[in-house]
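Residue-level structural notes
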Amino acid sequence: MASYMPPKASIWFEIPVTDIEAARRFYGAVLQNTLSLEESGPNPIAMFAATEAGASGHVYPGKPAPAGTGPTIHLAVSAPLEDGMKRVTENGGKVVSPAIEIPAGRFGYCLDPDGNSFGLFVPAGSV
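Note that this is a predicted model, so its numbers are computed, not measured.

**Notes on the overall build of the protein chain**
Of regular secondary structure, the protein chain possesses two helices and nine strands. In the protein chain, the order of α-helices and β-strands from amino to carboxyl end is β-α-β-β-β-β-α-β-β-β-β. Taking 127 residues into account, the globule formula puts the C-alpha radius of gyration at 14 Å, and the protein chain, at 15 Å, falls close to it. Here the protein chain holds 127 residues, and the buried ones make up 33% of them. Residue pairs in contact within the protein chain that sit at least 24 positions apart in sequence constitute 53% of those at least 6 positions apart. Counting every atom, the protein chain has about 7700 Å² of accessible surface; 57% of that belongs to carbon and sulfur.

In structure tokens, the structure reads:
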């Protein structure tokens, strides 16, 4: 049996949303970042910004899965994690777990206003 070992297990992610502009505002406020609108493809998308190439992604007009039932994407947020979790609720989302500590850092599970599951993640050693 042949095997394939990719350099990275994750290549791209897409988060389906009912209102792309509302999603841009929500994720932009929570992540303290700007999602750039791209309209060159078959659907408009709003790209998450990052300084390095790698597994990135976007929000797009689509049909979200029932609340909390789809995959969970973990998104980078600046420390402290609790500030990011507070911005989730302030902007219409829901925090569904306390902060969880693992060797790699700290994260918390959340839902966006469409019910998409996502995590906020702060790497270990971040101030």
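Here the narrative resumes, following the displayed structure.
**Observations concerning the pattern of salt bridges**
Applying the stated criterion across every chain yields a total of three salt bridges. Arg24 is the partner of Glu21 in a salt bridge, and the nearest nitrogen-oxygen pair spans 3.3 Å. Here Glu21 and its partner Arg24 are both found in helix H1 (residues 20-31), three residues apart, which amounts to about one turn of the helix. In this structure, the salt-bridge partner of Arg106 is Glu82, at a minimum N-O distance of 2.5 Å. One end of the pair, Arg106, is in strand E8 (residues 105-111); the other, Glu82, is in helix H2 (residues 81-90), and 24 residues separate them in sequence.

**Details of unusual backbone geometry**
Cis geometry is found at the peptide bond from Ala79 to Pro80, where omega equals 0°. Mapped onto the elements, Pro80 comes out in the loop between strand E5 (73-76) and H2. With phi around 55°, Gln32 is a residue other than glycine that occupies positive phi space. Structurally, the position occupied by Gln32 is in the loop between H1 and strand E2 (36-38). By relative accessible area, Gln32 is classed as exposed at 53%.

**Side note on the packing of aromatic side chains**
Within this structure, the stated rule accounts for six aromatic pairs. Taking 5.5 Å as the distance between ring centres and 75° as the angle between the ring planes, the aromatic pair formed by Tyr27 and Phe48 counts as edge-to-face. Of the two residues, Tyr27 is situated in helix H1 and Phe48 in the loop between strand E3 (45-47) and strand E4 (56-61); the sequence distance between them amounts to 21 residues. Exposure remark for Tyr27: the relative accessible area of 0% places this residue in the buried category.

**Focus: the pairing of E4**
Pairing between strand E1 (residues 12-17) and E4: six bridges, direction parallel. Each residue of the ladder has a partner; that of Phe13, found in E4, is Gly57.

**What to know about the side chain of His58**
Among the structural elements, His58 can be located in strand E4. Among the polar contacts made by the side chain of His58, one reaches the side chain of Glu14 at a distance of 3.1 Å. With near-sequence residues (within four places) excluded, His58 lies in contact with Trp12, Phe13, Glu14, Ile15, Ile45, Ala46, Met47 and Phe48.

The rules we used
- Residue indices begin from 1 for each chain and proceed along its sequence in written order.
- For this predicted model, a pLDDT threshold of at least 70 governs which residues receive local features, and a threshold of 80 or more governs which side-chain atom pairs are given and counted, while totals over whole chains, interfaces and linings are taken from all residues.
- Side-chain measures were taken over the full set of non-hydrogen atoms in the model, leaving aside hydrogen atoms and water.
- Strands here are runs of E lasting at least two residues and helices are runs of H or I lasting at least four, both read from the DSSP assignment and numbered beginning at the N terminus.
- Restricting the calculation to C-alpha atoms gives the radius of gyration, and the globule rule supplies 2.2 Å times the number of residues raised to the power 0.38.
- Categorising residues by exposure relies on relative accessible area from a 1.4 Å probe, with only protein chains included: less than 20% of the type maximum marks a residue as buried, more than 50% marks it as exposed, and the intermediate range marks it as partly exposed.
- Contacts: residue pairs with any heavy atoms within 4.5 Å of one another.
- Only the protein chains shown count as cover for residues, with accessible areas throughout obtained via the Shrake-Rupley method and a probe of 1.4 Å.
- Any carboxyl oxygen of Asp or Glu that lies within 4 Å of a side-chain nitrogen of Lys or Arg is treated as forming a salt bridge with it.
- In summary, the pairing rule links any two rings of Phe, Tyr or Trp, Trp by its six-membered ring, whose centres are within 6.5 Å, and it sorts them by plane angle into stacked for under 30 degrees, edge-to-face for over 60 and tilted for everything else.
- At least two bridges found by DSSP between two strands are what make those strands a pair.
- The term polar contact refers here to a pair of N or O atoms within 3.5 Å; inside protein, the definition further demands a hydrogen-donor-capable atom paired with an acceptor-capable atom, and it admits residues adjacent in sequence only when both atoms are side-chain atoms.

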